Amino acid sequence: MINCKITFFLLLFTGLAFGQSGVKEIKKGQDARQQSFHRGATAAAANENSSKTLFVDPFVGTDAHGHTYPGAAAPFGMMQLSPDTRYEGWDGCSGYHYSDSIIYGFSHTHLSGTGIPDYCDLLIVPQNGVPKTIPGYKNAKEGYGDRFTHDNEKASPGSYEVELLNQKIKVKLVAGVRAGMHEYTFSNAKGKKFILIDLDHRDALLDYRLNVIDKKTVSGARISSSWAKEQHFYFHLETNIPFEKSRIFKTKGDHKLLLTFPSSTEKISIKIGISAVDEAGAKNNLNDEIKDWNMDALRAKTVQAWENELSRIKLETENVDLLTKFYTSLYHSYLQPNIFSDADGRYRGLDKAVHTIENNVPQYTVFSLWDTYRATHPLYTITQQRRTSEFIQTFLRQYQQSGDLPVWELAGNETECMIGYHSVSVIADAYVKGLRNFDADLALAAAQNTSKLNEFGKTFFRNNGFIGSGDEHESVSKNLEFAYDDFCIAELAKAMGKTDIAKEYTKNSLNFINSFDQNSKFMRARNGGIWHSPFDPAEVNFNYTEANSWQYSLYAPHAVDVLTELMGGKDSLEAWLDRLFTTKSDLSGREQVDITGLIGQYAHGNEPSHHMAYLYNYTNAPHKTQEYTDRIMREMYTTLPDGLSGNEDCGQMSSWFVLSSMGIYQIAPGSSFFDFGRPLMDKASIQLENGKRLIIKTRNNSKENIYIQKVYRGEMPFEGNKISYENLMMGGELIFEMGPKPAKIATNSSAIGSKDLVVNEFVPVPSFKNETRTFTDFIVVQTNKVPLLDEKRVEIEFRYVDDIERVYKFVDSLRFSNSKSIDIRTVYHPSDKAMLRSAWVRGEFIKLDPSTHMELKSNYANQYPSTGANALIDGISGKTDYRTGEYQGYWENDVVAEVSFDNGKVLSEIGIGCLQDMKSWIFLPSKIKIDISYDGLNFSPMTDISVFPAFSNYQSPSRYEFTQQTKNTAPIKKVRISVLNHGITPTWHESPGNSTWLFVDELIFR
């Protein structure tokens, strides 16, 4: 996989996101469903004690790119019982999309709002008349898909209903925590009735079991591989009436069980328990939760569980749309993480072994931490304090089993998806807020160990103060997010009294400074001491994670005052934010489906932007935070199925709305402070787990009155525009008085403080003014000023890489006419007696042959341009990661290049460097053809270089150089190299029969 979310850009790019076309008149269906929903909710709108589940619409986010599912689930439950309308494609990540018109069946696990598909385990298909088990069932015309419309589809917390139109089957689904129930009512009395149990659905099957225990009981196992490479799923299923016979299909690619019921059957009920441990655990989970066949009782139990969770926050407003957006968002926030341990305390660990939790504290799974650390987990510290400690206990058990804190854990598998090690954010944020029901010493040791593993550029970050673009893909984003994570470790250590550890990590938390280019005022990629060029802040490339420089340049939420100093002060930060929100929304570079919900270059549909509107609180115009949060809540959230501006991402998109609509948001978890924004509701009453009640009131609230005039704590005026977590937990009233015009209120300061820490503890690494590494005649090398430091106390030292023993003082500039590699570092004297040094950074300056010219006769993909038209002769060879930007990528095409030499060259060897990364669809060429010309006009062929099938298996990414010896000693005037695309992916590939990439870099002339 290329990148956990980026992979599905390739699926879209190559036509693999099959999905189904939209149903006609979807808008009409949405309107009808919306009217029906609102009729049920309007009557209770102003009543604080009304049922909160009335305002939850599970269809919100099921359309567009929200990637949610509408099916039945309990709060944080193990089971998610929902219809499946898609087998594949980026918009089929949850198994369901609102635009579809076919249901293939109903499965028991689903992911909410992710960017990669998985789950949808154990598909159950009711059938009426003739069983449809023939090959090709994925095609609804030949197989067992059935039509449905949204007019006869209902969803509410814990339950789901639909009618399958062709077979006239009414479906009801209800889920508990670890068990659930199906009910199928057959309107057509003709023919036998069937229940098909499909283990092949969606993921690749590694192993399975199907056991028919008696005429009412089936159990089994499904071990599969997809995003989670080894997912264990076990089930125990019972029917309310006996089946006449059963048939197991065991042919290749066909692992199914068909249960046949009498023709007279009018209704079949199923109850099922699931487990990640074993079939016995699944049976025990079922018996623990569902004692009989009373579906209404199970529904009532789950609805009450949802009422208990949703009622932790009680809103008062007559605005039904707001209530629906709020409680649907809160519902989405509480769908996961999911309980992963059985009722008896057993669970499957990251080591794949079965463990037992003695105190029966649940083990959880589905931790989308790159997303949820920003708003979802801070929300949990207010409304889910006990579970927050349980989540952290889960992290620590996972650390003990794997040696690493979770990054994106799924079903007992670490996917290593996305970047950072944001479990430390959740841990530190809880600890500094006083939530300490976990082993803090173990947590700190786990955080330190995870931060220092030699992976994902962490070693470069720690040793060099930044990650170079040639060392690791997405280098800018990783550098910034590692810096934030180290801030969290510092805060944890500080709160535990570990001063030396806190000092070390506080210093590392300032490494984001080394990604800041003070000339452009953007966070930029750098290769050693040289800034990546050409630079366009709107360009989406692999220097950033699912974003561009606009969307990452303000990512220093833990040190906003330092960031403000870099920008040039509060007014400069305000001006930068103004440009962010008002510049054109055009993107350049590669396609990135996650960048949605644009206001200027602010992208609310993806997480890196989520704190940005609140940064106005750190300028002289905090009222703009209120303006933009009001606009985002109005424009980016609706009550329709397409009501989310991007992937829901396991609660993050919704949690942002929950917090922001109450007028608070935590931009830097670990700091324990919440910024004020623009509260939407008239009153929110939050029942805290310490027994106290926090009431947030909004006086003079209206669509026009979006600006905070005054803030009161009780009846006492409250100064500033942020509030501590400790203050919130005291309960009582927090009152916002609103008005139609901005009022003067105090601005915020950052958690880390001003640049004083920088000049006393941290020395930024220097950079070169030169933004290109190549030249043809001579080059004059200069350095930039070092940001934040007193220029009079700064020196730049340099050394030549081929003579590192001698160190010189860099005075003004250096002039070279030959290739040189130079190291530079900052020497800073904070006082007359003190001296601090930065790490060395390197600049490699390469002289090109001015008599060599290249004409590229193929079009490279715009997302993989390398250094442009002359990339194949720029003297810079790629390594083994195509995402570092050193290779040129070609999709479906051959590469043809002609190189001419003004005076001719005597060459003994000619060739080209190629990359292989078959899991990313990057294949070696099938053949390389070389033609040479001695007169510059007429070509003669050399012997072709055949490449495959020598490398036709999966392996780690590797670079290969393919060359051919020449036999002539006469000067060659021109060389034509044709690199032929592999063609389509072979049958053994995970995506067989699809087009492939060529990644090439550097033409070789020896």
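Every chain is numbered on its own, with residues counted from 1 as its sequence reads. Restriction of local features to residues with pLDDT of at least 70 applies here, the model being predicted, together with a cutoff of 80 or more for giving and counting side-chain atom pairs; totals for whole chains, interfaces and linings are based on all residues. Where side-chain values are given, they derive from all heavy atoms of the structure, hydrogens and water being excluded.

## Brief notes about the overall build of the protein
Quick note on the threshold: Helix and strand labels come from DSSP, where a helix needs a run of H or I of at least four residues and a strand needs a run of E of at least two; each type is numbered from the N terminus. Only the C-alpha atoms count toward the radius of gyration. The rule for a globule is 2.2 Å times the residue count to the power 0.38. Computed with a 1.4 Å probe, the accessible areas rest on the Shrake-Rupley method; for each residue, only the protein chains presented here act as cover. Working convention for charge: Lys and Arg count positive, Asp and Glu count negative, and His plus the chain ends are omitted. To locate a charge, the coordinates of NZ of Lys, CZ of Arg, CG of Asp or CD of Glu are taken.
Each helix and strand counted, the protein has 20 helices and 59 strands in total. The C-alpha atoms of the protein give a radius of gyration of 30 Å, which matches the 30 Å a tight globule of 1006 residues would have. Taken along its principal axes, the extent of the C-alpha atoms in the protein is 90 × 75 × 55 Å. In the structure as shown, the protein presents an accessible area of about 35500 Å², 47% of it carried by carbon and sulfur atoms. Distance between charge centroids for the protein: 2 Å, based on 108 positive and 123 negative side chains.

## Details of a positive patch on the surface
Our working rule: A patch consists of residues whose relative accessible area exceeds 30% and which take part in no salt bridge; residues with like charges are grouped when within 9 Å of each other, and nonpolar side chains (Val, Leu, Ile, Met, Phe, Trp, Tyr) when within 5 Å. When a carboxyl oxygen of Asp or Glu is within 4 Å of a side-chain nitrogen of Lys or Arg, the pair counts as a salt bridge. Relative accessibility decides the category of a residue: with a 1.4 Å probe and only protein chains considered, values under 20% of the type maximum give buried, values over 50% give exposed, and everything between is partly exposed.
A cluster of like positive charges, contributed by Lys154, Lys170, Lys172 and Lys267, occupies part of the molecular surface. Tracing the backbone through its elements, the reader meets Lys170 in strand 9 (residues 169-175). The class of Lys170 is partly exposed, set by a relative accessible area of 45%.

## So, unusual backbone geometry
In most cases, non-glycine residues show a negative phi, while peptide bonds are predominantly trans. A cis geometry characterises the amide bond from Gln336 onward to Pro337, with omega recorded as 0 degrees. Within the fold, Pro337 resides in the loop between helix 5 (320-333) and strand 19 (338-339). In this structure, Pro534 follows Ser533 across a cis peptide bond, with omega equal to 0 degrees. The phi torsion at Leu788 lies on the positive side, around 75 degrees, for a residue other than glycine. Among the secondary structure elements, Leu788 is positioned in the loop between strand 43 (779-781) and strand 44 (794-800). Positive phi values are uncommon outside glycine, yet Trp921 reaches one of about 70 degrees. Looking at the secondary structure, you find Trp921 in the loop between strand 53 (909-916) and strand 54 (927-933). For Trp921, a relative accessible area of 4% corresponds to the buried category.

## Remarks on the confidence of the model for the protein
Cut-off, in case you're wondering: Confidence scores here are pLDDT values: one per residue, from the predictor, ranging 0 to 100. Throughout, a contact is declared for two residues whenever any of their heavy atoms are within 4.5 Å.
In this model, the protein carries an average pLDDT of 92, and 92% of its residues clear a pLDDT of 70 or more. In this model, residues 5-26 is a region of pLDDT below 50 whose contacts with residues beyond four sequence positions or in other chains number 64 contacts.

## A closer look at the nonpolar core
If you look at soluble globular proteins, the nonpolar side chains tend to sit buried side by side. Condition: Buried Ala, Val, Leu, Ile, Met, Phe, Trp, Tyr and Cys residues form a nonpolar core when they are joined through side-chain atoms within 4.5 Å.
Phe512 and Met662 are the most contacted members of the largest nonpolar core, which has 173 residues in total. Here this core gets eleven residues from one element, more than from any other, and that element is helix 12 (residues 475-495). Membership of the second largest hydrophobic core comes to 38 residues, among which are Ala72, Val162, Leu164 and Ile268.

## Here we look at the packing of aromatic side chains
Think of a pair of aromatic rings as described by two things: how far the centres are apart, and how the planes are tilted against each other in angle. Note the following rule: Aromatic pairs are defined between Phe, Tyr and Trp rings, using the six-membered ring for Trp, whenever the two ring centres lie within 6.5 Å; interplanar angles under 30 degrees are classed as stacked, those over 60 as edge-to-face, and all others as tilted. Definition used: whenever NZ (Lys) or CZ (Arg) falls within 6 Å of the ring centre and also within 35 degrees of the ring normal, the charge is taken to sit over that ring.
Applying the stated criterion to the full structure yields 58 aromatic pairs. Their ring planes at 45 degrees and their centres at 6.5 Å tell us that Tyr96 and Phe148 sit as a pair that is tilted. Of this pair, Tyr96 sits in the loop between strand 2 (80-84) and strand 3 (102-103) while Phe148 sits in the loop between strand 6 (146-147) and strand 7 (154-156), and the two are 52 residues apart along the sequence. Residue classification places Phe148 among the buried residues on the basis of a relative accessible area of 4%. Aromatic ring contacts, followed pair by pair, group Phe76, Tyr334, Tyr364, Phe367, Tyr380, Phe391 and Phe395 into a single cluster. Across the ring face of Trp531, the terminal group of Arg526 is positioned such that the distance to the ring centre comes to 4.9 Å.

## Points about the pattern of salt bridges
In the structure shown here, the tally under the stated rule is 49 salt bridges. Between Asp578 and Lys624 there is a salt bridge, with the nearest N and O atoms lying 3.1 Å from each other. Of the two residues, Asp578 sits in helix 16 (residues 570-582) while Lys624 sits in helix 17 (residues 623-635), which places them 46 residues apart along the sequence. When its relative accessible area of 23% is taken as the criterion, Asp578 is described as partly exposed. One salt bridge connects Glu898 with Arg976, and the closest N-O pair in it is separated by 3.0 Å.

## Considering the environment of Arg773
The topology assignment puts Arg773 in the loop between helix 20 (756-761) and strand 42 (774-775). Among the residues examined, Arg773 registers a relative accessible area of 17% and is labelled buried. For Arg773 and Tyr602, which are 171 residues apart along the polypeptide, the C-alpha to C-alpha distance reads 32 Å. When near neighbours in sequence (up to four residues on either side) are disregarded, Arg773 contacts Asn527, Ile530, Glu844, Phe845, Ile846 and Ile876.

## Here we look at the sheet that holds strand 53
To be explicit about the condition: Note on pairing: DSSP must find at least two bridges between two strands before they are called paired. Working convention: axes come from line fits to C-alpha atoms, limited for helices to the stretch in contact. Angles between N-to-C directions cover 0 to 180 degrees.
Strands sit in the order 51-59-53-57 across an open sheet of four strands; the sheet is antiparallel. Looking at the sheet topology across the chains shown, the edges are occupied by strand 51 (888-891) and strand 57 (958-965). On average, each strand axis in the sheet is inclined to that of its neighbour by 30 degrees, with strand direction left out of account. Pairing geometry for strand 51 and strand 59 (residues 997-1005), over four bridges, is antiparallel. Note that in strand 59 the partner of Tyr890 across the bridge is Leu998.

## Brief notes about helix 16
Helical geometry: 3.6 residues make up each α-helical turn, so side chains three or four residues apart lie on a common side. Quick note on the threshold: A helix's residues, less one, multiplied by 1.5 Å, set its expected span. Taken from the helix axis, the directions to the C-beta atoms give the arc we talk about.
For helix 16, with 13 residues, the first-to-last C-alpha span of 18 Å sits near the 18 Å given by 1.5 Å per residue. When helix 16 is considered as a whole, its buried residues turn out to be Leu573, Glu574, Trp576, Leu577, Leu580 and Phe581. For helix 16, the angular spread of the buried residues around the axis is 160 degrees, confining them to a single face.

## Considering the pairing of strand 12 (residues 204-214)
Bridge count between strand 12 and strand 13 (residues 217-225): nine bridges; the pairing is antiparallel. Across the sheet, residue Leu205 finds its bridge partner in strand 13, namely Ser224. Counted between consecutive antiparallel strands, the loop separating strand 12 from strand 13 contains two residues.

## Here we look at the sheet that holds strand 37 (residues 693-699)
Spatial ordering of the open sheet is given by 18-36-37-41-38-39, a layout of six strands whose pairing is mixed. Here the strands that pair on one side only, and so sit at the sheet edges, are strand 18 (313-316) and strand 39 (716-717).

## Some words on the packing of helix 17 against helix 18 (residues 652-661)
Where we set the bar: Our angle categories are set so that under 35 degrees counts as roughly parallel, over 145 as roughly antiparallel, 65 to 115 as roughly perpendicular, and the remainder as oblique. Each helix crossing is assigned a hand: it is left-handed if the near helix lies turned anticlockwise from the far helix by less than a right angle, otherwise right-handed if that turn is clockwise. Residues are grouped as follows: Ala, Val, Leu, Ile, Met, Phe, Trp, Tyr, Cys and Pro are nonpolar; Asp, Glu, Lys and Arg are charged; every other residue, Gly included, is polar.
At their nearest, the axes of helix 17 and helix 18 sit 11 Å apart, and the two run at 130 degrees to each other. Classified by the angle their axes make, helix 17 and helix 18 are oblique. When the axes of helix 17 and helix 18 are compared, the crossing they make is left-handed. Along the contact surface, helix 17 presents Thr629, Ile632 and Met633, while helix 18 presents Trp656, Phe657, Ser660 and Ser661. Class assignment for the residues of the contact of helix 17 with helix 18 results in four nonpolar, three polar and no charged.

## Some points on the state of the cysteines
Keep this limit in mind: Only a pair of cysteine sulfur atoms within 2.5 Å counts as a disulfide in this structure description.
By the definition in use, this model includes zero disulfides. Unpaired in this structure, Cys93 has its nearest cysteine sulfur neighbour in Cys120, at a distance of 9.7 Å. Among the cysteines around Cys650, which has no disulfide bond, Cys417 carries the closest sulfur, lying 10 Å off. Owing to a relative accessible area of 2%, Cys650 belongs among the buried residues under this scheme.

## Describing the packing of helix 15 (residues 560-567) against helix 16
Describing two packed helices takes the angle between their axes plus the distance from one axis to the other. In the contact formed by helix 15 and helix 16, the axes pass within 7 Å of each other and the chain directions differ by 85 degrees. As judged from the angle between their axes, helix 15 and helix 16 are roughly perpendicular. Residues Val560, Thr564 and Met567 of helix 15 touch helix 16, and the partners they reach there are Lys570, Ser572, Leu573 and Trp576.

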